[in-house]
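Chain by chain, the residues run as shown.
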Amino acid sequence: MKRKAILNIGHGNTINKKGVRVYDPGAIGNGFEEYKYNYDLVNKYVSPYLKEMEVDHEVIIQSERFSKLPDEINRISTKDDVIVSFHLNSVDYNEGNGVEVFYYPTSSKGKELARKMLEANLCITKLKNRGIKPNVSGARGHALFQKTKATAVLIESGFISNDRDIATLNAVQEQLGRSYAKAIAEYIKG
Ligand SMILES: [Zn+2]
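Residues numbered from 1 in each chain as written. Predicted model: local features only at pLDDT ≥ 70, side-chain atom pairs only at ≥ 80, totals over all residues. Heavy atoms only, no water.

S.K.: Sorry, what's going on with helix α3 (residues 108–125) here?
M.R.: Three or four residues apart is the spacing at which side chains of an α-helix point the same way, because the helix has 3.6 residues per turn. Counted at 1.5 Å a residue, the expected span for α3 with its 18 residues is 26 Å, and the 26 Å between its end C-alpha atoms agrees. Where α3 is buried, its residues contact β7 (82–89), β8 (99–103), β9 (129–134), β10 (151–159), α5 (163–171) and α6 (173–189). Where α3 terminates, the next one or two residues include K126, which has phi positive at roughly 55°. (Helix = DSSP H or I, 4+ residues; strand = E, 2+ residues; numbered from the N terminus. Expected span 1.5 Å × (residues − 1). Contact = heavy atoms within 4.5 Å.)

S.K.: Please explain the packing of aromatic side chains as it appears in this structure.
M.R.: Given two aromatic rings, their pairing is described by the distance between the two centres and the angle made by the two planes. A full pass over the atoms with the stated rule returns three aromatic pairs. Geometrically, the ring pair formed by Y23 and Y35 is edge-to-face, given 5.7 Å between the ring centres and 75° between the ring planes. Of the two residues, Y23 sits in strand β3 (residues 21–24) while Y35 sits in helix α1 (residues 34–52), which places them 12 residues apart along the sequence. Here the aromatic rings of Y35 and Y39 are separated by 5.8 Å at their centres, their planes lie at 50°, and the arrangement is tilted. With Y35 and Y39 both in helix α1 and four residues apart, this pair spans about one turn of that helix. Its relative accessible area of 12% is what places Y35 among the buried residues. Residue class for Y39 comes out partly exposed when judged on its relative accessible area of 36%. Clustering of aromatic rings is evident, with ring pairs tying together Y23, Y35 and Y39. (Phe/Tyr/Trp six-rings, centres within 6.5 Å; stacked < 30°, edge-to-face > 60°. Buried < 20%, exposed > 50% of the residue type's maximum accessible area, 1.4 Å probe, protein only.)

S.K.: So what exactly am I meant to see when it comes to the pairing of β7 here?
M.R.: Two faces, one strand: in a regular strand the side chains alternate between the faces of the sheet. With respect to burial, β7 is a largely interior element, eight of its eight residues being buried. Because side chains alternate across β7, one face comprises the buried residues V82, V84, F86 and L88, and the other comprises I83, S85, H87 and N89, equally buried. Where strand β1 (residues 5–9) lies against β7, five bridges are found, and the strand directions are parallel. The partner of L7 across the bridge, within β7, is V84. For β7 and β10, the ladder comprises seven bridges, and the chain directions are parallel. Across the sheet, F86 pairs through a bridge with I155, a residue of β10. (Pairing = 2+ DSSP bridges.)

S.K.: When you look at the coordination of the zinc ion in this model, what are you seeing that I'm missing?
M.R.: Geometry reference: four tetrahedral donors at a metal, ideal angle 109.5 degrees. Six octahedral donors, ideal angles 90 or 180 degrees. Within the protein, the zinc ion binds to H11 (NE2), E34 (OE) and H87 (ND1); these donor distances fall in the range 2.0 to 2.1 Å. If you list the donors of the zinc ion from N- to C-terminus, the spacing comes out as H-x22-E-x52-H. On the criterion of sequence distance, the pair formed by H11 in the loop between β1 and β2 (12–15) and H87 in strand β7 is long-range, its members being 76 residues apart. Given the relative accessible area of 7%, H87 is considered buried. (Donors = N, O, S within 2.8 Å, 3.2 Å for Na, K, Ca; no water.)

S.K.: How should I be thinking about the packing of α3 against α6 in this particular structure?
M.R.: Relative placement of two packed helices is described by the angle separating their axes and the distance separating the axes. In the contact formed by α3 and α6, the axes pass within 9 Å of each other and the chain directions differ by 150°. By the angle class used here, α3 and α6 are roughly antiparallel. Crossing of α3 over α6 shows right-handed handedness. Where α3 approaches α6, its residues K109, E112, L113, K116, M117, A120, N121, C123, I124 and T125 are matched on the opposing element by Q175, L176, S179, Y180, A183, I184 and Y187. Here the contact of α3 with α6 is composed, by residue class, of 10 nonpolar, four polar and three charged. (Axes fitted to C-alpha atoms, helices over the stretch in contact; angles between N-to-C directions. Parallel < 35°, antiparallel > 145°, perpendicular 65-115°, else oblique. Left-handed = near helix turned anticlockwise from the far one by under 90°. Nonpolar A, V, L, I, M, F, W, Y, C, P; charged D, E, K, R; others polar.)

S.K.: I'm lost on unusual backbone geometry in this one. Help?
M.R.: Peptide bonds are trans in most cases, and residues, glycine excluded, mostly fall at negative phi. Phi at E54 is positive, roughly 55°, even though this residue is not glycine. Mapped onto the fold, E54 is located in the loop between α1 and β6 (57–60). For K126, which is not glycine, the phi dihedral falls at a positive 55°. Looking at where K126 falls in the secondary structure, it is placed in the loop between α3 and β9. The class for K126 is exposed, based on a relative accessible area of 64%.

S.K.: What's the story with the pattern of salt bridges in this structure? I'm lost.
M.R.: Side chains carrying opposite charge are able to pair once their charged atoms draw close together. Under the definition given, this model contains eight salt bridges. Where D81 meets K4, a salt bridge forms, and the shortest distance between an N and an O atom there is 2.9 Å. Remark: K4 occurs in the segment before β1 and D81 occurs in the loop between α2 (69–74) and β7; sequence separation between them is 77 residues. Grouping residues by exposure puts D81 and K4 together as buried. Put simply, K133 and E100 hold a salt bridge, and the shortest N to O gap is 2.6 Å. Of this pair, K133 sits in strand β9 while E100 sits in strand β8; the two residues are 33 residues apart in sequence, bridging distant segments of the chain. Salt bridges linked by common partners bring E100, R130 and K133 together as one network. (Salt bridge = Lys/Arg side-chain N within 4 Å of Asp/Glu carboxyl O.)

Structure representation (structure tokens):
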């Protein structure tokens, strides 16, 4: 069976305190929304370029809470597939900047994929390199790594709260999408 890539656009939906599904924009900064940025990145660029390279893939947005996402992904993937979850970082001040990629601490495959995705970002954006990071318990996206079967990474492509980061990310969105697609294709075919 052909390996495939699961492209997860972070946020989009969540369940509010009344149990009602509502729109979750993710982080908001400098007039931009995390979810919308990654929605365009994935749907306009990463997905079409993967298609061009004949890499099987599916785009998934959590239908409810982030905690339900692993089950939703497990239904459409096997252990041979890869999961790439797209996010943007945010802090309460403008200074935090750069790119980082998380992987499951004991996964050597995840570490390799994280390295490739980090490099795919840096060669285009030239943003600050915050490195690849093992996703320890309690860290962002832990459930995604712990409860899914496929090799998973979570990318924080830059800080939406930093005006220079988001200006760069907007300026190079297409090239970044193409670079991510190339890295995913190389990993899957390699
Ligand atoms: Zn996020």
